[in-house]
Amino acid sequence: MNQEKIFFITDSACDIPAKDEQELENLCILPIPVTADGKGYYERESFTPEEFYDLIDSCENIPSTSHIPAITFQEKYEEALEKGYTHVAVITIYSGASAMYQSALMAKDAFLEEHPDSLQIEVIDSNCYAMGYGYPIIQACHKAQNGESFESIVAYIRDYISRVKIYFSPFTLKYVKKSGRVSCTAAFVGELLGLRPVISAVGTTSIVDKVRGNAAILNTMVKYFKEQRTRTEEKAPYMILVARDTEMSDELAKACENVAGYPPVGIFRIGAAITINTGPQIIGMTFLGD
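To keep things clear, this report deals only with the structure shown in the data block. (Residues numbered from 1 in each chain as written. Predicted model: local features only at pLDDT ≥ 70, side-chain atom pairs only at ≥ 80, totals over all residues. Heavy atoms only, no water.)

A few words on the overall build of the protein. Within the protein, the regular secondary structure consists of 11 helices and 13 strands. Relative to the 2.2 N^0.38 estimate, which gives 19 Å for 290 residues, the radius of gyration of the protein is 19 Å and therefore close to what a compact globule would have. Taking the principal axes of the C-alpha coordinates as reference, the protein spans close to 60 × 50 × 30 Å. A burial count over the protein gives 51% of its 290 residues as buried. About 13200 Å² of surface is accessible on the protein, with carbon and sulfur atoms providing 48% of the total. (Helix = DSSP H or I, 4+ residues; strand = E, 2+ residues; numbered from the N terminus. Rg over C-alpha atoms; globule rule 2.2 N^0.38 Å. Buried < 20%, exposed > 50% of the residue type's maximum accessible area, 1.4 Å probe, protein only. Areas by Shrake-Rupley, 256 points an atom, 1.4 Å probe, with all protein chains shown as cover.)

What follows is the structure in structure tokens.
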């Protein structure tokens, strides 16, 4: 019988819905600090995703995020040990976008120096954003509750994030321009021409396509899904990502269902980590490749 008791820690950029968070006793989602017009907030604690979209619109300057400090991770390791957990898996936002991964590693070293041979701690860089790593964390929590071994669960997470694809596109270049992701001139010309960037959010975010008009976004997302989704895994999960709700999220879900033959896991809200740079008028999707 498996005697392992496994705890999971992640950051709020995972965008795991509040309902799932409440149901999973073996999961801790640490809130990312957000600063907006000089005032400090914590994602998930200070506002809901919908309230954050309104906050972005009302800010004079683009809000910014900062990383969760190592001491916070170390405190959670201490709590896990006190509660009788034997193993901890930490999964963070892409390490190139934030120092969260480094914080978790520093905390691991400090904790094990004080408590050698106590917890087994695995720190994983998701190399992505949003439900790209939120979904496998949810599944990992269930696997642990069902008695699967720590080794097999870590292997599952690493395999999932090694194959995940994430694409999103903003409906306006206003926020992309303000965040400095594209020059003011390029954004102005893009708006005049109705151009919309399609962005890959695995590793360093990059523009992989430019389409004209919002309707073309849907067709391009479906094209990537059709071309790149895994053919080796039956009914592999895929999700639609959206900030402010739009009818296009339902349209994209139906179009992808026509391709896959089964519906998406769901339509999920995109949080601060992405919308700070793109604004709340955005749609995307995540799925598994081979």
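Past the structure itself, the notes keep going.
As a further point, take helix α9 (residues 214-228). In a regular helix each residue adds 1.5 Å, so 15 residues correspond to 21 Å; α9 covers 22 Å between its end C-alpha atoms and thus fits that length. For α9, every residue scored as buried is listed here: Ile217, Leu218, Thr220, Met221, Val222, Tyr224 and Phe225. Buried residues belonging to α9 abut β8 (164-170), β9 (195-200), β10 (206-212), β11 (238-242), α10 (247-260) and β13 (282-288). (Expected span 1.5 Å × (residues − 1). Contact = heavy atoms within 4.5 Å.)

Ordered by their spatial adjacency, four strands build an open sheet running β2-β1-β6-β7, and the pairing between neighbours is parallel. The open sheet has two edge strands, β2 (27-30) and β7 (120-125), and neither has a second partner. Taken pair by pair, the neighbouring strands of this sheet meet at an average axis angle of 15°, ignoring direction. The pairing of strand β1 (residues 6-11) with β2 spans four bridges and is classified as parallel. Each bridged residue has a counterpart across the sheet, and for Asp11 the counterpart in β2 is Leu30. The strands that helix α4 (residues 100-114) touches are β1, β6 (87-92) and β7; relative to β7, the one it contacts most, it runs at about 165°. Those strands touched by helix α6 (residues 150-163) are β1, β6 and β7, and its axis lies near 5° from that of β7. (Pairing = 2+ DSSP bridges. Axes fitted to C-alpha atoms, helices over the stretch in contact; angles between N-to-C directions.)

Bringing the packing of aromatic side chains into the picture now. Across all of its chains, the model carries 12 aromatic pairs by this definition. Judged by centre distance (4.8 Å) and plane angle (40°), the rings of Phe7 and Tyr85 are tilted. Separated by 78 residues along the polypeptide, Phe7 in strand β1 and Tyr85 in the loop between α3 (70-82) and β6 bring together distant segments of the chain. As far as burial versus exposure is concerned, Phe7 and Tyr85 are alike and both buried. (Phe/Tyr/Trp six-rings, centres within 6.5 Å; stacked < 30°, edge-to-face > 60°.)

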